[in-house]
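Summary of structural features
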Amino acid sequence: MIRSSVASELERRMRLLGLTQKALARNAGVGDTYVRDILKGKSRNPGGEKLERVAAILGCTARDLLFPGSGGKRAESSRCETEYVLQPDLPAVTSDLNPPGYVAVPFLSVRAGAGGGRYVEDTLLGRPKFFEEEFVRGALNAAPADLRVIEVEGQSMDPVLHNGDMVLIDTRKTSIIEPGIFVLFDGDGVVCKWVERAHGTSEPMVRIKSENPRFSPYDVPADQVQILGRVVWFARKL
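Now for a look at the structure at hand. (Residues numbered from 1 in each chain as written. Predicted model: local features only at pLDDT ≥ 70, side-chain atom pairs only at ≥ 80, totals over all residues. Heavy atoms only, no water.)

**What about the overall build of the protein chain?**
Across its full length, the protein chain holds six helices and nine strands. Relative to its 238 residues, the protein chain shows a buried fraction of 43%. Restricting the contact set of the protein chain to residue pairs at least 6 apart, pairs at least 24 apart contribute 59%. With the model as given, the accessible surface of the protein chain reaches about 12900 Å², and the carbon-plus-sulfur share is 50%. (Helix = DSSP H or I, 4+ residues; strand = E, 2+ residues; numbered from the N terminus. Buried < 20%, exposed > 50% of the residue type's maximum accessible area, 1.4 Å probe, protein only. Contact = heavy atoms within 4.5 Å. Areas by Shrake-Rupley, 256 points an atom, 1.4 Å probe, with all protein chains shown as cover.)

Here is the structure:
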């Protein structure tokens, strides 16, 4: 059986992000069998809202999955089978969708520090950011899907973290037994703060503190807090 192009492209993008079938289906809000049926060739012409949701998690559109390289033919190159001509709507990061030696890490397109709303990761995923594979798998001992990239907003963490800094969080590290800098949803918005347990309270509380002394610490009931991950790396524009 000749494998459909959508199955091959779906698998390639999953591998790029380090996503399993179950993780992709869960994040996209589709049944476990939906992704599996596409990969096994049982659903050769998928489409509609479900495919759009799957594509959003992969940082692309349903059209990108159905028609890989549409709008431009495959680049003539023996260097990489997955190289495509860069399309106008793609970020000018690289002409390769899968740069050799790099892995793609999911990017949360909400700035840590912005308030309001509720945290639904599926609606926040933007185009992934690329990191050296040796750094991710070696120095951080992580898979790309374990990590998230997010931009810091505001001055509450000055001078440790500045407005516009990019931070990398490890979603496996959500325990606050050891205080540290975390990205979290505090019930009002996504923030990047010092986080620790609050002691001497009648109910479980999380204490959230800024580095900048002009911002007061505050306590939030633990059941209203969602720890997204501990900050393990940051980058800053010069």
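**Some details on the pattern of salt bridges**
Going through the model one piece at a time under the given rule, you end up with eight salt bridges. Of the charged contacts in the structure, one is a salt bridge between R172 and D146, with a shortest N-O distance of 3.7 Å. Within this pair, whereas R172 is found in the loop between β4 (166-170) and β5 (180-185), its partner D146 is found in the loop between α6 (133-139) and β3 (147-151), the two being separated by 26 residues in sequence. Here D219 and R207 are joined by a salt bridge, their closest N and O atoms 2.8 Å apart. One end of the pair, D219, is in strand β8 (residues 218-221); the other, R207, is in strand β7 (residues 205-209), and twelve residues separate them in sequence. R207 gets classed as partly exposed once you look at its relative accessible area, which sits at 25%. Residues joined in a network through salt bridges with shared partners are E9, R12 and R13. (Salt bridge = Lys/Arg side-chain N within 4 Å of Asp/Glu carboxyl O.)

**Points about the nonpolar core**
In terms of nonpolar packing, the biggest core is built from 26 residues, with L10, L19, L24, V35, V54, L58 and L65 touching the most fellow members. When contributions to this core are tallied by element, the ones reaching two or more residues are α1 (5-17), α2 (21-28), α3 (32-39), α4 (48-57) and α5 (62-66). With six residues, the top contributor of residues to this core is α1. Aside from chain neighbours lying at most four places away, what touches V35 is L10, M14, Q21, L24, A25 and V30. One finds L108, V110, A112 and L228 within the second-largest nonpolar core, a separate group that totals 16 residues. (Core = buried A, V, L, I, M, F, W, Y, C linked by side-chain atoms within 4.5 Å.)

**A look at unusual backbone geometry**
For the bond running from D158 to P159, omega is 5°, close enough to zero to count as cis. Position of P159 among the secondary structure elements: in the loop between β3 and β4. Non-glycine residue N141 carries a positive phi angle of around 50°. Structurally, N141 can be placed in the loop between α6 and β3.

**Observations regarding α4**
Listing the buried residues of α4 in full gives L51, V54, A55 and I57. Axial view of α4: buried residues confined to an arc of 160°, hence all on one face. G59, located one to two residues past α4, shows a positive phi value of around 75°. (Arc of directions from axis to C-beta.)

**A short note on the packing of aromatic side chains**
A full pass over the atoms with the stated rule returns two aromatic pairs. For the ring pair F131 and W233, a centre distance of 5.3 Å and an interplane angle of 85° mean the geometry is edge-to-face. Of this pair, F131 sits in strand β2 (residues 125-132) while W233 sits in strand β9 (residues 226-235), and the two are 102 residues apart along the sequence. You can call W233 partly exposed: its relative accessible area is 27%. Connected via pairs of aromatic rings, a cluster forms that spans F131, F135 and W233. Over the ring of F107 we find K129, and its NZ or CZ is 4.6 Å from the ring centre. (Phe/Tyr/Trp six-rings, centres within 6.5 Å; stacked < 30°, edge-to-face > 60°. Lys NZ or Arg CZ within 6 Å of the ring centre and 35° of its normal.)

**Section: the packing of α1 against α3**
At a closest axis distance of 8 Å, the pairing of α1 and α3 adopts a crossing angle of 120°. One finds that α1 runs oblique with respect to α3. Packed against α1, whose contacting residues are V6, A7, L10, E11 and M14, the element α3 presents V35, I38 and L39 at the interface. Among the residues making up the contact of α1 with α3, the classes are represented as seven nonpolar, no polar and one charged. (Axes fitted to C-alpha atoms, helices over the stretch in contact; angles between N-to-C directions. Parallel < 35°, antiparallel > 145°, perpendicular 65-115°, else oblique. Nonpolar A, V, L, I, M, F, W, Y, C, P; charged D, E, K, R; others polar.)

The quantities given are spatial measurements derived from coordinates; they are silent on function.
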